[in-house]
Amino acid sequence: MIDALGKHFIEQAKYQNMGLTPQKQGEPQPEYIQPAAGKFAIIELPKPDQVHMPGKDLRTIIEQRTSVRKYEEQMLTMDELSYLLWLTQGIKNVLPSNLTMRTVPSAGARHPFETWLSINKVESLMPGLYHYLPLEHALEQVRLGEEINQQVSIAALKQGQITNSAVTFIWVAHPYRTSWRYGSRAYRYIYLDAGHLCQNLHLAAESIECGVCAIGAYDDDKINQVLDLDGESQFVIYMATLGKKKL
């Protein structure tokens, strides 16, 4: 039986209940690519077309994929991090409308996510919080410190795989990118899009002998505070830890 909140959400997100969207009201289209803040160091990643990973059969990848919560102490390489970011949010083409065609599907090509990384063990990178710039395929170094991973873990109900991981992917939703066009129905699409994105990470990680554990259990207010988000126009929607599998 559906609880009252779930029933209300489903009802309000039906097409006939959407009302006039901002797009139909003539509101200007939002920005779909968040620029660098301009106050942090920018770290270039290896170019996607120059990163070559060992080939692996897709069926094997899908059949072997499982959630992994314990990782080796081995660091990720910059090539591996570049590969994972490209296959989860890489921009293949920018359209004249300023929409982007990416390596994952998104309703109406709205792509409402920004990728943040709590880095723990990546070669050439200090532990800390980073923001991915997909247009430049680069990282914005937001805040350094080994305590960042611990803060993320505490916000995620003290899940141990976060402090053990090489990196925790943190996806931040900008809902107006999608609701500008789709109104209240956008919230259905945003959560579907998040699933597409995380599945790409699972499969990309499996192809390079890494494991992933998707995380939906966290204190929303605490994790938004770690990233200095307002929790409304921007909020954490999904996370996933990643590291080398224990053999």
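Summary of the structure given here.

Thresholds applied
- Residues numbered from 1 in each chain as written.
- Predicted model: local features only at pLDDT ≥ 70, side-chain atom pairs only at ≥ 80, totals over all residues.
- Heavy atoms only, no water.
- Axes fitted to C-alpha atoms, helices over the stretch in contact; angles between N-to-C directions.
- Helix = DSSP H or I, 4+ residues; strand = E, 2+ residues; numbered from the N terminus.
- Left-handed = near helix turned anticlockwise from the far one by under 90°.
- Contact = heavy atoms within 4.5 Å.
- Nonpolar A, V, L, I, M, F, W, Y, C, P; charged D, E, K, R; others polar.
- Phe/Tyr/Trp six-rings, centres within 6.5 Å; stacked < 30°, edge-to-face > 60°.
- Buried < 20%, exposed > 50% of the residue type's maximum accessible area, 1.4 Å probe, protein only.
- Pairing = 2+ DSSP bridges.

Some remarks on the packing of helix 3 (residues 78–89) against helix 7 (residues 186–207)
Right, on to step 1. Helix 7 packs onto helix 3 with a crossing angle of 150° between their chain directions and a minimal axis gap of 8 Å. The handedness of the crossing between helix 3 and helix 7 comes out as right-handed. Across the interface between the two elements, Y83, L84, L87, T88 and Q89 of helix 3 pack against L197, N200, L201, A204, A205 and S207 of helix 7.
Right, on to step 2. Looking at the contact of helix 3 with helix 7 residue by residue, the class counts come to seven nonpolar, four polar and no charged.

Things to note about the packing of aromatic side chains
Right, on to step 1. Under the criterion given, the structure shown has three aromatic pairs.
Right, on to step 2. Between the aromatic rings of Y182 and Y189, the centroid separation amounts to 4.9 Å while the plane-to-plane angle is 85°, which identifies the pairing as edge-to-face.
Right, on to step 3. According to the relative accessible area criterion, Y182 is buried, its value standing at 15%.
Right, on to step 4. Among the aromatic residues, ring-to-ring pairing joins F169, W171 and Y238 into one connected group.

Comments concerning unusual backbone geometry
Right, on to step 1. Positive phi values are uncommon outside glycine, yet A109 reaches one of about 55°.
Right, on to step 2. Structurally, the position occupied by A109 is in the loop between strand 3 (100–102) and strand 4 (113–119).
Right, on to step 3. A positive phi angle, near 60°, is found at D228, a position not held by glycine.
Right, on to step 4. Topologically, D228 is positioned in the loop between helix 8 (220–226) and strand 9 (235–244).
Right, on to step 5. Judged by relative accessible area, D228 falls into the exposed class, the value being 69%.

Remarks on the environment of P22
Right, on to step 1. By the element assignment, P22 lies in the loop between helix 1 (4–12) and strand 1 (41–44).
Right, on to step 2. Between the C-alpha atom of P22 and that of K56, which follows or precedes it by 34 residues, the distance is 45 Å.
Right, on to step 3. Those residues within four positions of P22 in sequence are excluded, and the remaining contacts are E27, Y176, S179 and W180.

A few points about the sheet that holds strand 8 (residues 210–215)
Right, on to step 1. Taken in spatial order, the seven strands of this open sheet run 1-6-5-4-7-9-8, and their pairing is antiparallel. In this open sheet, the two edge strands, each paired with only one partner strand, are strand 1 and strand 8. The mean angle between the axes of side-by-side strands here comes to 30°, regardless of whether they run parallel or antiparallel.
Right, on to step 2. One ladder, built from six bridges, connects strand 5 (residues 128–133) with strand 6 (residues 138–144); its direction is antiparallel. Bridged to Y130 within strand 6 is Q141.
Right, on to step 3. Along the sheet face, helix 3 touches strand 1, strand 4, strand 5, strand 6, strand 7 (167–173) and strand 9 and points at about 155° away from the line of strand 4.

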